[in-house]
Amino acid sequence: MKKYDLKFSKIQVLSAIKTNWCWIVLGLLFWAIVFNSVVPQFFDTGGDSAQYITVAESVASGQGLRMLNYPGEPICVMYPPVFPLLLSSVVFFFGRNFYLMYLLVAFLGFLSLIMFYHIFKKYSDSKMAFFTIFFLAVNWNYIIYCARYIRSEIPYLFFSACVLFMLGKYIDKPKWFNRDGLFLILTLALTYFTRHIGVILFFSVITALWFSRKEVGMKKILLVGGGFLVVFLGWNVFKFIYRSYVVSQFKLLFAVDAYALDKGTFLQHPEYIFTRFVSGIDYYSKRIAEIICLYPMTKWQLWQSFAPFVTTGLIFLGLWRKFIENRKCVLTYYFLFYFFLVIFWPFHEGIRFLVPLMPLLIFYFLIGTKTVAGLFPKKLKQLVFLSVVIAIFAVNCLTTVAFSTYFPPSLSPGFGNFVRAHGWISENLPEDGVICSRKPRLTYLYTGHQSLSYKFSLDPDEVYEELLKNKIKYLVLDEFSTKTVRYLLPMMRKYSDEFKLLLRVGNTSLMELNDGRNHESDE
């Protein structure tokens, strides 16, 4: 009997392997690329990753969601809590282990592949869904955000996939109040608490339910809308009560220049609305081309000229094709709402803001390509489509092989000097002095010193008074930020007697502030 059971179990295993061999190959390929690409050290030159890690350390130490890097250690309200809470599990058991943090993000990236396969299979077919997921699994832009950044884009992508999946199940259920509806509200809340742009997903869900209201009824809209709005309003009341040093990015959305607030808002200069859209479309059409075919974009000047037009055109052709087929599909509304906000957003940060759209970009690109292939004679349709898919897949594999050799990633000379200066700070300065830095979150991560940025004002007096108000002891003059030249150097020239040079690394300087003593004596 035992021999029979053993033989039967072997047959089951072999049958499972035969049935799921594509997924086994995809999983092995994805994790092979991830393990070859992941870096054991922290190299992010932004600030968000450092802030997530800092809040995670606060949670792991039992202090709650606090920004330990700011004076007074305020409660973190600018950054949603889900990703720091996930990171805190790593910090609690393993300390500041960057390698495991990268693997946590990569694991969520792999789960996202599985979730989007089931989503695309519902709105297309299994072959198109698998083509999309396989394309995504070897895409270098996707890999670097899975393996080389400790940021919330991939966790957001996973939770947004959960929302889209649960909505597909909820719409098909005849009853308005059921377990799928409650899970839909929960996943919407988790998505919003991962990145605030998740509110766009909420509007997309409500739009899809509205166009399906004859089948699903208004009660489903009221349940999902009311449930999420309770969460949304509760969090924003909490944010209002516990405001911190950080300026709301929502306020910056309507500024003509988010880094030069003195230029005013769109209410004062409405003509800049058109300029914002044009620049956003131009910028992100190039980023879309990089997502689809990065290697040719870096090698061939001719391809750089027409690739943005071709790739973006095929994507919107695919979007239109799916919209005509199913006007109740939530993917259409989510893509349009999200893309509209991204191109209008005042900050351009490369591929980063497009990461949550990457599965949809690839999906619609393949649909658009298949639509164009359909213009060929019947015998050539499949051949043309498969030829393009294989060619793009090969280009993506070539890109991943070429770019994954850049290990570890190199810093620019200016930022390298910034990091080296912080190494000196951590070894030579007492920890009680607050530092003013263009990258205050990184300053805390590198040195343990609480840190603030300077005020973006053209008035040197305002900048200087802000330093005194926040009891700044040290000031880092970096060489990589144009904002330092615009706002900090004029103040330094006017109040040069108030500062003492402690260190110079290249063109990066560390200054000590005299707390206004010289200025007061002059008066």
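Residues numbered from 1 in each chain as written. Predicted model: local features only at pLDDT ≥ 70, side-chain atom pairs only at ≥ 80, totals over all residues. Heavy atoms only, no water.

Scanning the chain from terminus to terminus reveals 23 helices and 5 strands. Across the 523 residues of the chain, 52% fall into the buried class. For the chain, restricting intrachain contacts to residue pairs at least 6 apart in sequence, the fraction spanning at least 24 positions comes to 70%. As presented, the chain carries roughly 25000 Å² of accessible surface, and 64% of it is formed by carbon and sulfur atoms. (Helix = DSSP H or I, 4+ residues; strand = E, 2+ residues; numbered from the N terminus. Buried < 20%, exposed > 50% of the residue type's maximum accessible area, 1.4 Å probe, protein only. Contact = heavy atoms within 4.5 Å. Areas by Shrake-Rupley, 256 points an atom, 1.4 Å probe, with all protein chains shown as cover.)

Taking burial as the measure, the 6 residues of strand β5 (residues 508–513) include 6 buried ones, the bulk of the element. Taking every second residue as pointing to the same face, both faces of β5 are buried, with Thr508, Leu510 and Glu512 on one and Ser509, Met511 and Leu513 on the other. The pairing of strand β3 (residues 472–477) with β5 spans 4 bridges and is classified as antiparallel. In the sheet register, Tyr474 faces β5, and the bridge partner there is Glu512. The pairing of strand β4 (residues 499–505) with β5 spans 6 bridges and is antiparallel. When the bridges of β5 are listed, Val505 appears paired with Thr508. Counting the residues between successive antiparallel strands, the hairpin from β4 to β5 contains 2 residues, one of them, Gly506, with a positive phi of roughly 65 degrees. (Pairing = 2+ DSSP bridges.)

Of note, Leu489 is situated in helix α22 (residues 482–494). Along the backbone, Leu489 and Leu477 are 12 residues apart, and their C-alpha atoms lie at a distance of 8.4 Å. Not counting chain neighbours up to four residues away, the residues in contact with Leu489 comprise Leu477 and Thr484.

Turning our attention to the packing of helix α17 (residues 358–373) against helix α18 (residues 378–403). Across the interface, α17 lies against α18 with an axial gap of 8 Å and an inter-helix angle of 145 degrees. In this structure, α17 crosses over α18, and the sense of that crossing is right-handed. Counted together, Phe365, Leu366, Thr369, Lys370 and Ala373 of α17 and Lys381, Val384, Phe385, Val388, Val389 and Ile392 of α18 form the full contact between these two elements. (Axes fitted to C-alpha atoms, helices over the stretch in contact; angles between N-to-C directions. Left-handed = near helix turned anticlockwise from the far one by under 90°.)

Strand order across the open sheet formed by 5 strands is β2-β1-β3-β5-β4, with mixed pairing between neighbours. Looking at which strands have only one partner, the edges of the open sheet turn out to be β2 (451–452) and β4.

Proximity of charged atoms lets side chains of opposite charge pair with each other. Applying the stated criterion across every chain yields a total of 16 salt bridges. For Lys322, the salt bridge is made with Glu325, and the minimal N-O distance between the two is 2.9 Å. Here the residue Lys322 and the residue Glu325 both occupy positions in helix α15 (residues 301–325), the gap between them amounting to 3 residues, near one helical turn. A relative accessible area of 48% means that Glu325 is categorised as partly exposed. (Salt bridge = Lys/Arg side-chain N within 4 Å of Asp/Glu carboxyl O.)

Glancing now at α18. Between its first and last C-alpha atoms α18 spans 39 Å; for 26 residues at 1.5 Å apiece the expected length is 38 Å, and the two agree. For α18, the full list of buried residues reads Phe385, Val389, Ile392, Asn396, Thr399, Thr400 and Phe403. (Expected span 1.5 Å × (residues − 1).)

Moving on, we come to the side chain of Asp44. With respect to the helices and strands, Asp44 occurs in the loop between α2 (21–37) and α3 (48–60). With a relative accessible area of 4%, Asp44 lands in the buried category. Separated by 2.9 Å, the side chain of Asp44 and the backbone nitrogen of Gly46 make a polar contact. For Asp44, the side chain forms a polar contact with the side chain of Ser49, separated by 2.6 Å. Those residues within four positions of Asp44 in sequence are excluded, and the remaining contacts are Ser49, Tyr149, Arg151, Leu442 and Tyr446. (Polar contact = N/O pair within 3.5 Å; in protein donor to acceptor, adjacent residues only side chain to side chain.)

In this structure, Glu73 is a non-glycine residue whose phi angle is positive, near 45 degrees. Its place among the elements puts Glu73 in the loop between α3 and α4 (82–94). Overall, Glu73 belongs to the partly exposed group, its relative accessible area being 27%. Backbone geometry at Lys471 places phi at a positive 55 degrees, although glycine is not the residue there. Relative to the helices and strands, Lys471 is located in the loop between α21 (460–469) and β3. Relative accessible area serves as the criterion here: at 68%, Lys471 is assigned to the exposed category.

Membership of the largest hydrophobic core comes to 162 residues, with the highest contact counts inside it found for Leu331 and Met491. Sort the elements by how many residues they give to this core and helix α5 (residues 98–123) lands first, with 16 residues. Those residues within four positions of Leu331 in sequence are excluded, and the remaining contacts are Ile119, Phe120, Tyr123, Leu164, Leu360 and Tyr364. (Core = buried A, V, L, I, M, F, W, Y, C linked by side-chain atoms within 4.5 Å.)

It is the contact of α5 with helix α7 (residues 140–147), at a shortest axis distance of 7 Å, that shows an interaxial angle of 135 degrees. If you check the angle between α5 and α7, you find them oblique. Between α5 and α7, the contacting residues are Tyr102, Val105, Ala106, Gly109, Ser112 and Leu113 on the first element and Tyr142, Tyr145, Cys146 and Ala147 on the second. Here the residues of the contact of α5 with α7 sort into 8 nonpolar, 2 polar and no charged. (Parallel < 35°, antiparallel > 145°, perpendicular 65-115°, else oblique. Nonpolar A, V, L, I, M, F, W, Y, C, P; charged D, E, K, R; others polar.)

Now for the confidence of the model for the chain. Across the chain, the average pLDDT comes to 85, with 87% of residues at or above 70. Below a pLDDT of 50 lies the segment residues 517–523, which in the model reaches 6 contacts outside its immediate sequence neighbourhood of four places, other chains included. (pLDDT = per-residue confidence, 0-100.)

Glancing now at the packing of aromatic side chains. Per the stated rule, a full pass over the model turns up 46 aromatic pairs. Ring plane angle 75 degrees and centroid distance 5.8 Å describe the contact between Phe316 and Phe335, whose orientation is recorded as edge-to-face. Of this pair, Phe316 sits in helix α15 while Phe335 sits in helix α16 (residues 330–344), and the two are 19 residues apart along the sequence. We classify Phe316 as partly exposed; its relative accessible area is 29%. When its relative accessible area of 0% is taken as the criterion, Phe335 is described as buried. (Phe/Tyr/Trp six-rings, centres within 6.5 Å; stacked < 30°, edge-to-face > 60°.)

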